[in-house]
Amino acid sequence: MTYENIRLEHDGAVATLTIDRPKALNALNNKTLQEFEAALKSLGADTRVLIVTGGGEKAFVAGADVAEMSALEVPEAQLFATQGHRAFALLESLSIPTIAAVNGFALGGGCELALACDFIYASEKAQLGLPEVGLGVIPGFGGTQRLTRIVGRARAKELIFTGGRIDAAKAKEIGLVLEVLPAAELLAHCSSVAAKMLKNSPLAIATAKRVIGQGADKDLGEANALERRGFAELFGSDDQREGMKAFLEKRPAVFTGK
Ligand code: CAA
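Let us look at the structure shown here. (Residues numbered from 1 in each chain as written. Predicted model: local features only at pLDDT ≥ 70, side-chain atom pairs only at ≥ 80, totals over all residues. Heavy atoms only, no water.)

Now for the environment of valine 177. In this fold, valine 177 is placed in the loop between helix 7 (168–173) and strand 10 (179–181). Discounting chain neighbours no more than four positions away, the residues touching valine 177 are Ile120, Ala122, Leu128, Ala168, Ala171 and Lys172. (Helix = DSSP H or I, 4+ residues; strand = E, 2+ residues; numbered from the N terminus. Contact = heavy atoms within 4.5 Å.)

The final tally for this structure, using the stated rule, is zero disulfides. Free of any disulfide, cysteine 111 has its nearest neighbouring cysteine sulfur in cysteine 117, separated by 11 Å. Here cysteine 117 is not cross-linked by a disulfide; its sulfur's nearest cysteine counterpart is in cysteine 190, at 9.9 Å. Accessibility expressed as a relative area gives 7% for cysteine 117, which makes it buried. (Disulfide = S-S within 2.5 Å. Buried < 20%, exposed > 50% of the residue type's maximum accessible area, 1.4 Å probe, protein only.)

Even without being glycine, leucine 25 reaches a positive phi, approximately 50 degrees. Looking at the element boundaries, leucine 25 is found in the loop between strand 2 (14–19) and helix 1 (30–42). Its identity is not glycine, yet asparagine 26 carries a phi of approximately 65 degrees, on the positive side. Structurally, the position occupied by asparagine 26 is in the loop between strand 2 and helix 1.

On to the pairing of strand 3 (residues 49–54), then. A large share of strand 3 lies buried, amounting to six of its six residues. Pairing of strand 2 with strand 3 involves six bridges; the strand directions are parallel. Counted as the bridge partner of threonine 16 is isoleucine 51 from strand 3. A crossover connection joins strand 2 to the parallel strand 3 through helix 1; in handedness this β-α-β unit is right-handed. As paired elements, strand 3 and strand 5 (residues 98–102) share four bridges and run parallel to each other. Within strand 5, the residue paired with threonine 53 across the bridge is alanine 101. (Pairing = 2+ DSSP bridges. Right-handed = clockwise from strand over helix to strand, strands pointing away.)

Read from one edge to the other, the open sheet built from four strands follows the order 4-6-8-9, with strand pairing classed as mixed. If you trace the sheet from one side to the other, it starts and ends with strand 4 (59–61) and strand 9 (165–167), each paired once. Averaged over all adjacent pairs, the angle separating strand axes in this sheet is 20 degrees, with direction ignored. Of the pairings in the sheet, the one linking strand 4 to strand 6 (residues 105–107) comprises two bridges and is parallel in character. In the strand pairing of strand 6, alanine 59 is matched with phenylalanine 105. (Axes fitted to C-alpha atoms, helices over the stretch in contact; angles between N-to-C directions.)

Taken together, Val66, Leu135 and Val137 make up a surface patch of nonpolar side chains, about 250 Å² in accessible area. For valine 137, the location among the structural elements is in the loop between strand 8 (127–129) and helix 5 (143–151). Under the relative-accessibility criterion, valine 137 is labelled partly exposed at 42%. (Patch = residues over 30% accessible without salt bridge, like charges linked within 9 Å, V, L, I, M, F, W, Y side chains within 5 Å. Areas by Shrake-Rupley, 256 points an atom, 1.4 Å probe, with all protein chains shown as cover. Salt bridge = Lys/Arg side-chain N within 4 Å of Asp/Glu carboxyl O.)

Time to look at the site of the ligand. Around the ligand, the surrounding shell holds 23 residues, and the nearest of these are Lys58, Ala64, Gly109, Glu112 and Glu132. The side chain of lysine 58 places a nitrogen or oxygen atom 2.6 Å from an oxygen atom of the ligand. Protein coverage of the free-state accessible area of the ligand, which is 980 Å², stands at 62%. Put simply, the parts of the chain that give the shell around the ligand at least two residues each are helix 2 (66–69), strand 6 and helix 4 (109–115). Grouping the amino acids of the shell around the ligand by side-chain chemistry returns 13 nonpolar, four polar and six charged. (Near = heavy atom within 4 Å. Polar contact = N/O pair within 3.5 Å; in protein donor to acceptor, adjacent residues only side chain to side chain. Nonpolar A, V, L, I, M, F, W, Y, C, P; charged D, E, K, R; others polar.)

Next comes the structure, spelled out in structure tokens:
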């Protein structure tokens, strides 16, 4: 499939999805969101890690497309928010690890895109923020909710109410970004983390991702019940038998994800 505003590249089991509209700092317009969703749906079982990044030198994604949004009326804005939420919920629901490689501005919908990934690594020149209140709106692609769950209410409110941008070091300090890398090393770092994950059982990773995600909004008792069930179910898998057999035979495991 050919895309206009994104690129989807495969390197073995690692796919890299680049939002690639640098003339508008990779802003998310309707077409880009459609292509993003289509690209996610096209990923096959052979893809085991997804890296999301931005094309060009300056931006990860500088937000939803303000030019396209500016003329929306209430019902259309509802549809646009629904489209963004659907795309990011699809990203979040992937059973494989997803890494945001934030290589520049990650503002508004761009910050929200990074927040929908499992974790974020940023380049030293990255700037993150939710500037929507300065445009007379609020974050509309999940930012009020996902940011709050990651950095806590007060930090989220500070970022959203001020509409300010924070640099990568500050984003790391508040737990939004895991690591800050020199720009030239960002993608290599993501690939090396991907390589570590590829050595492990895909089924176990998918189960860990599922119980972490489903448990996050439950009380501890219910959440721990999800973990117990997930743990036990894996004992019916080839991956569990292979993983433990390989350990006992002192050799690397060969996982099939079954
Ligand atoms: N939408 C549409 N176009 C955008 C854009 C956006 N979010 N961000 C940048 N662009 C365009 C600019 O209009 C400009 O286009 P032209 O060359 O045709 O004028 C081009 O990208 C380059 O941008 P700048 O000249 O502004 O570059 P800069 O280096 O001076 O500034 C910036 C960079 C600080 C990121 C600035 O572009 C900016 O503030 N962008 C908007 C950020 C923003 O407000 N994002 C939130 C959008 S609302 C949202 O996302 C809602 C939601 O939650 C769903």
